[in-house]
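# Per-entry structural report
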Amino acid sequence: MNKFFAVNVLGIILTGLVFCSCSTQSEIQKEEAGQEFRAPAYPLITIDPYTSAWSMSDQLFDTPVKHWTGKNHSLIGVVRVDGETYRFLGKEEIPLEPVVPSAKFEAWEGKYLTKKPASGWEKPGFNAASWKSGKAAFGTPNTAETATPWETEHIWVRREFTMPEVNSESDLYLVYSHDDDFELYLNGKEIINTGNRAKSNVVMKLDKSLLNIGGENTIAAHCWDRGGLAYVDFGIFKESDIQPVFAQTAIQNSVKITATQTKYDFTCGPVDLRVEFVSPLLMDDLDLLSRPVNYINYEAVSTDGKSHHVEVYFEATPEWAVNELNQEVEVTNGKNGIINFLKTGTTQQPVLEKKGDNVRIDWGYFYLASPDNEDKALAVGDFSDMKKTFVESGKLMSGQDKTTAVLSKEMPVLACAEVFENVSAKPAKGYVMLAYDDIESIQYFGENLKAWWTKDGQVSFDQVLTAAVNDYQSIMERCDLADKKIYDEALAAGGENYARLCLLAYRQAIAAHKLVKDTEGNILFLSKENFSNGSIGTVDVTYPSAPLFLKYNPELLKGMLNPIFYYSESGKWTKPFAAHDVGTYPKANGQTYGGDMPVEECGNMLILTTAIADVEGNAGYAAEHWEVLTTWADYLMENGLDPENQLCTDDFAGHFAHNVNLSAKAIMGIAGYGKLAEMLGKTDVAEKYTSEAKSMAQEWMKMADDGDHYRLTFDKPGTWSQKYNIVWDKLLGLGIFPKEVAQTEIAYYLTKQNTYGLPLDNRRTYTKSDWIVWIATLADDTETFQKFIDPVYAFVTKTPDRVPMTDWYETPTATQVGFQARSVVGGYFIKMLEKK
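Structure report, in brief. Position labels on residues start from 1 in each chain and follow its written sequence. The predicted origin of the model limits local features to residues at a pLDDT of at least 70 and limits the giving and counting of side-chain atom pairs to 80 or more, whereas totals for whole chains, interfaces and linings rest on all residues. As a rule here, side-chain values cover all heavy atoms of the structure and leave hydrogens and water aside.

## Notes on the overall build of the chain
The way it works is that DSSP assigns letters per residue, a run of H or I at least four long becomes a helix, a run of E at least two long becomes a strand, and they are numbered from the N terminus. Along its length, the chain carries 16 helices and 37 strands. Its C-alpha atoms give the chain a radius of gyration of 27 Å, near enough to 28 Å, the size a compact globule of 836 residues would have. Projected onto the principal axes, the alpha-carbon positions of the chain cover approximately 80 × 75 × 50 Å. For the exposure calls, accessible area comes from a 1.4 Å probe over protein chains only, and a residue counts as buried if that area is under 20% of its type's maximum, exposed if over 50%, partly exposed in between. Across the 836 residues of the chain, 65% fall into the buried class. In what follows, a contact means two residues having at least one pair of non-hydrogen atoms within 4.5 Å. Taking contacts inside the chain between residues at least 6 apart in sequence as the whole, the part at least 24 apart equals 74%. Working note: accessible area of the chain is about 28700 Å², and carbon and sulfur atoms make up 46% of it. Radius of gyration here uses only the C-alpha atoms, and the compact-globule reference equals 2.2 Å multiplied by the residue count raised to the power 0.38. Values of accessible area rely on a 1.4 Å probe in the Shrake-Rupley scheme; residue burial ignores everything except the protein chains shown.

## Side note on the state of the cysteines
Only a pair of cysteine sulfur atoms within 2.5 Å qualifies as a disulfide here. Evaluated as defined, the whole model comprises zero disulfides. C502 takes part in no disulfide bond, and the closest cysteine sulfur, belonging to C479, lies 18 Å away. No disulfide involves C602; its sulfur sits 14 Å from the nearest other cysteine sulfur, which is in C648. On the basis of relative accessible area, C602 is assigned to the buried category, the value being 0%.

## Concerning the pattern of salt bridges
One speaks of a salt bridge when a side-chain nitrogen belonging to Lys or Arg is within 4 Å of a carboxyl oxygen belonging to Asp or Glu. Throughout the structure, instances matching the rule amount to 50 salt bridges. Residues K455 and D287 are paired through a salt bridge, measuring 2.8 Å at the closest nitrogen-oxygen approach. Of this pair, K455 sits in the loop between strand 31 (447-449) and helix 3 (461-470) while D287 sits in helix 1 (residues 286-290), and the two are 168 residues apart along the sequence. The exposure class of D287 is partly exposed, given its relative accessible area of 33%.

## As for the nonpolar core
F266, F277, W632, W700 and W728 are the most contacted members of the largest nonpolar core, which totals 212 residues. For this core, the leading source of residues is helix 11 (residues 660-679), giving eleven residues. Those residues in contact with F266 that sit more than four places away from it in its chain are L60, F61, F88, A250, I251, Q252, N253, V271, D272, L273 and V275. Here, the term nonpolar core denotes a set of buried Ala, Val, Leu, Ile, Met, Phe, Trp, Tyr and Cys residues that are joined through side-chain atoms within 4.5 Å. Core analysis: the next-biggest nonpolar cluster, separate from the first, contains 32 residues, F138, L184, C223 and I236 among them.

## Points about the sheet that holds strand 3 (residues 66-67)
A pair of strands is considered paired only if DSSP assigns at least 2 bridges between the two. Pairing within the open sheet is antiparallel, and its three strands lie in the order 1-2-3. Bordering the open sheet on either side are strand 1 (42-46) and strand 3, each of which pairs with just one other strand. Pairing geometry for strand 2 (residues 52-55) and strand 3, over two bridges, is antiparallel. Within strand 3, the position partnered with A53 by the bridge is H67.

## Regarding helix 7 (residues 554-569)
When the terminal C-alpha atoms of helix 7 are compared, their 21 Å separation across 16 residues agrees well with the 22 Å that a helix rising 1.5 Å per residue should span. Bend, in this description, refers to the angle at a residue between axes fitted to the seven residues ending there and the seven starting there. At L561, helix 7 is deflected by roughly 35°, the largest bend along its length, and proline P563 occurs up to four residues later in sequence. Two N or O atoms count as a polar contact when they lie within 3.5 Å, although within protein this holds only if one can serve as hydrogen donor and the other as acceptor, and sequence-adjacent residues are included solely when both atoms are side-chain atoms. For helix 7, the side-chain oxygen to backbone nitrogen distance between the N-cap and E555 is 2.9 Å, and the N-cap itself is N553. Backbone geometry just downstream of helix 7 places G571 in the positive-phi region, at approximately 85°. Multiplying 1.5 Å by the helix residue count minus one yields the expected span of that helix.

## Let's talk about the packing of aromatic side chains
Two aromatic rings from Phe, Tyr or Trp, using only the six-membered ring of Trp, form a pair when their centres are within 6.5 Å; if the ring planes differ by under 30 degrees the pair is stacked, by over 60 it is edge-to-face, and anything between is tilted. A complete count under the given rule lists 60 aromatic pairs for this structure. When the centroid spacing of 4.6 Å and the interplanar angle of 35° are considered together, the rings of Y367 and F461 count as tilted. Remark: F461 occurs in helix 3 and Y367 occurs in strand 25 (residues 365-371); sequence separation between them is 94 residues. The interplanar angle of 65° and the centroid separation of 4.5 Å between the aromatic rings of Y673 and Y689 together place this pair among those described as edge-to-face. Of the two residues, Y673 sits in helix 11 while Y689 sits in helix 12 (residues 683-704), which places them 16 residues apart along the sequence. An aromatic cluster of at least three residues, connected via ring pairs, comprises Y42, F61, F88, Y264, F266, F277, Y298, F314 and F420. Across the ring face of W224, the terminal group of R226 is positioned such that the distance to the ring centre comes to 3.9 Å. Directly above the ring of Y365 sits K343, whose terminal nitrogen or CZ lies 4.5 Å from the centroid. Two conditions define a charge sitting above a ring: the NZ of Lys or the CZ of Arg must be within 6 Å of the ring centre, and it must be within 35 degrees of the ring normal.

## Some points on empty space enclosed by the protein
Computed over the protein atoms alone on a 1 Å grid, cavities are sets of points where a 1.4 Å probe fits but cannot get out and pockets are open sets with protein on both sides within 12 Å along at least five of seven lines; a residue lines them when it has an atom within 4 Å of a point. Grid points are joined across faces, edges and corners, and a volume is the space filled by probe spheres set on the points. The full count for this structure, using the stated rule, is three cavities of 30 Å³ or more. By volume, the largest cavity is sized at about 130 Å³. If you trace the largest cavity, you find 19 residues lining it, with C648, D650, F656, N659 and N661 closest to the centre. It is helix 11 that contributes the most residues to the lining of the largest cavity, three residues altogether.

## Overview of the pairing of strand 21 (residues 293-302)
Burial runs high along strand 21: ten of the ten residues are buried. Along strand 21, one buried face is formed by V293, Y295, N297, E299 and V301 and the opposite face, lined by N294, I296, Y298, A300 and S302, is buried too. Examined bridge by bridge, strand 20 (residues 271-278) and strand 21 share eight bridges and lie antiparallel to one another. In the strand pairing of strand 21, L273 is matched with A300. Sheet analysis places strand 21 next to strand 29 (residues 428-437), joined by eight bridges and oriented antiparallel. Residue pairing across strands places N294 opposite L434, the latter belonging to strand 29.

## Re helix 11
The terminal C-alpha atoms of helix 11 lie 29 Å apart, and with 20 residues this matches the ideal 28 Å at 1.5 Å per residue to within 8%. You can read the cap of helix 11 off the contacts: a side-chain oxygen lies 3.1 Å from the backbone nitrogen of N661, and it is on N659. With its phi angle positive at about 80°, G681 sits one or two positions after the end of helix 11.

## Observations regarding the sheet that holds strand 36 (residues 808-810)
Strand order across the open sheet formed by three strands is 35-36-37, with antiparallel pairing between neighbours. The outermost strands of the open sheet, each flanked by one partner alone, are strand 35 (766-768) and strand 37 (816-818). Pairwise comparison of adjacent strand axes, ignoring direction, gives a mean angle of 35° for this sheet. As defined by bridge partners, strand 36 adjoins strand 37 across two bridges and the pair is classed as antiparallel. Considered in strand 37, the bridge of W808 is made with G818. Only the stretch in contact is used when fitting a helix axis, every axis being a line fitted to C-alpha atoms; angles between N-to-C directions are given from 0 to 180 degrees. Running over the sheet, helix 15 (residues 769-778) touches strand 35 and strand 36 and is turned about 70° from strand 35.

## Focus: unusual backbone geometry
Cis geometry marks the peptide bond from A136 to A137; its omega dihedral reads 0°. Mapping A137 onto the fold places it in the loop between strand 8 (132-135) and strand 9 (138-139). Even without glycine at this site, F531 takes up a positive phi of about 45°. With respect to the helices and strands, the residue F531 is situated in the loop between strand 33 (523-527) and helix 6 (539-552). Judged by its relative accessible area of 2%, F531 falls in the buried class. Positive phi is not limited to glycine here, since H658 has a value of about 60°.

## Structural notes on the environment of L172
Of note, L172 is situated in strand 12 (residues 172-179). On the basis of relative accessible area, L172 is assigned to the buried category, the value being 0%. Leaving out residues up to four positions away in the same chain, L172 has contacts with M163, V166, M204, K205, L206, K208, L211, I213, F237 and K238.

## Re the environment of T592
Note that T592 resides in the loop between strand 34 (587-588) and helix 8 (598-616). In this structure T592 comes out as partly exposed when scored by relative accessible area, which is 40%. Once the C-alpha coordinates of T592 and F277 are considered, the two residues, 315 residues apart in sequence, prove to be 36 Å apart. Residues within four places of T592 in sequence aside, it is in contact with D581, G583 and T584. Reaching out from T592, the side chain makes a polar contact with the backbone oxygen of G583 at a distance of 3.3 Å.

Distances and angles like these do not, on their own, reveal function.
Next comes the structure, spelled out in structure tokens:
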């Protein structure tokens, strides 16, 4: 786990506005559940790891809507009031056009060398006749756009080109990707030197004076692969000549977040507009949770006592259905009974061909859909012409039934407009649906699996859209009820700031998974390790995310554990400890991570199986997997007390031997096995393992003792670390560690906190927010709990990094170190597992 792959996000606005309260409340807003606070990014459309779109700014119209990776998933909303237009959603950001294309657009040819070249290698005119020729990209075989395999530690690349004439007023940008350390020279001048970093599609404005426009130029680069993936690609791009149309914006009054909804209130001249983005991720209804349909509700109301003519416009682009803009798409319109829709997808349809981390879906079809309504129109059209027609007339231009386009050359739009003739004090309401039919969702040990909602292929997408309309009112009511319940329970458990963290975490945690069934009908709820390394079904991602699912539906946690149990029980995984993962998303064909985590994953699997038994009140699920659980418990008995040098879930911090917190996990795993045995009536087994866990805990205390706290590693006095694994002793009532162990640690941690939280350990100032919440849950009183929670809440509301919540950040500055949009924030719900 946790191979940091940082990605630059173009267009992120580093602001910190906190919005004022809205005085006028909509009928569809539920004040008791909606909480107003500044989020690092606001969830808009959250279906699964591929269909996941966010607003990365405080005001909904300040930045384009983006996929969690930072790529544009353009979605624009405009309201026209008495002929005056106001943009309230998204921003027109025209994709850059290639001038000297990168490999994503053209497999350009360069010269390369894998041993250190002569001095002057980076300068124009250098004689590179002895260098090899190869096509870009250069990198690890069979990844991204790699055309020339590079498997050595270093590579040097030269690219000579004629720079075309460009509009003198157009800005030029270098777009580059590298893994790892990267230095780049333009005509002999160094303009990039990253140090130990790996980044994809970084956009940097160029000083045009460095270029010989219309003449010969040289880009030279050196990359050092420190391990893992290797990659080099770059190109020069220019701004599009297309000009924005929707310049005037609405006034945003408020934004509120609930578990399933993000709610905005705007003023648009004499009309107020309320907009809700609804993701019905209700965990008591797996059919609905799996249904790949989200809603955008809108409601207009007059504020001046007069009636007004109002048109509401929504527009999406095929960016939702491609991995890269050089892919060709088809856009069509259609009708299904009571529903009108527009849909788009790539013409190639490479179903389940791509896997990886910073990858978007390029198979299946994105839909913009709406109930059939004589006052509502849908059309496909030109990027600019569609907007201009709406500005001028409040209508859509006459569209085509079908069109194809390569998005780097032409950007069609899918548009919907609804007319409200006389908007008065009585609200005028409507909604649109955004949906995605992925055809095939997961490849599971060689079998392609469809999403859960298909009922093994028996339910069509047309039927799903129809159900989404027929169920609309009841879904809205159920979402409101669920939102209130989740907020009230979180508030009671940990206070206001804690509740807000849970509300923001809810959709992020669920939408980082895909729900399917295996060929035997077993539930599989497979996580994607977002911006970490792209693994699927990672055990030590399941572990921190588990509290949310234990709280609201343990069947989903079983769906996270089932692939690992199957992997061992089928004989496909033969080691005496649990696997780390079952592949790279969306291909779950076996572990792809380069290192094992023996104690980590055995402990995780045993603890979580015990937690399932605890919340269900029976150990039936454990009984189904008793043989492999026994193997893992025995492994921990033999190897867990003083772990050898190995990886753990915090591997980004380095791996080491004698890990005290990892030892605590092993002890919890053994104790959990003892509890399971007791629940199954295996008295002798229960006594053996429980006694051994207690004995190990006593030994642990002696070995880790450092006076007023316990150490990071058994062999290093003067060190410390978060012992978050001990929380299960409290939650599961295991009674393994004396109570004073946790309280000694808590008191010590309070002396080590920084402005934005408790560091992970003494080595660095960064932390993991999920583990802090677990540490806080060890506290015996609410006041102490909140002393740990309040700095985490401050981080979330003040971080300058506008990305879906990161869980890895610097405690002095609130800046992101790595990771984003990961499911591990489900761990925030752990406080709610306490038995009062």
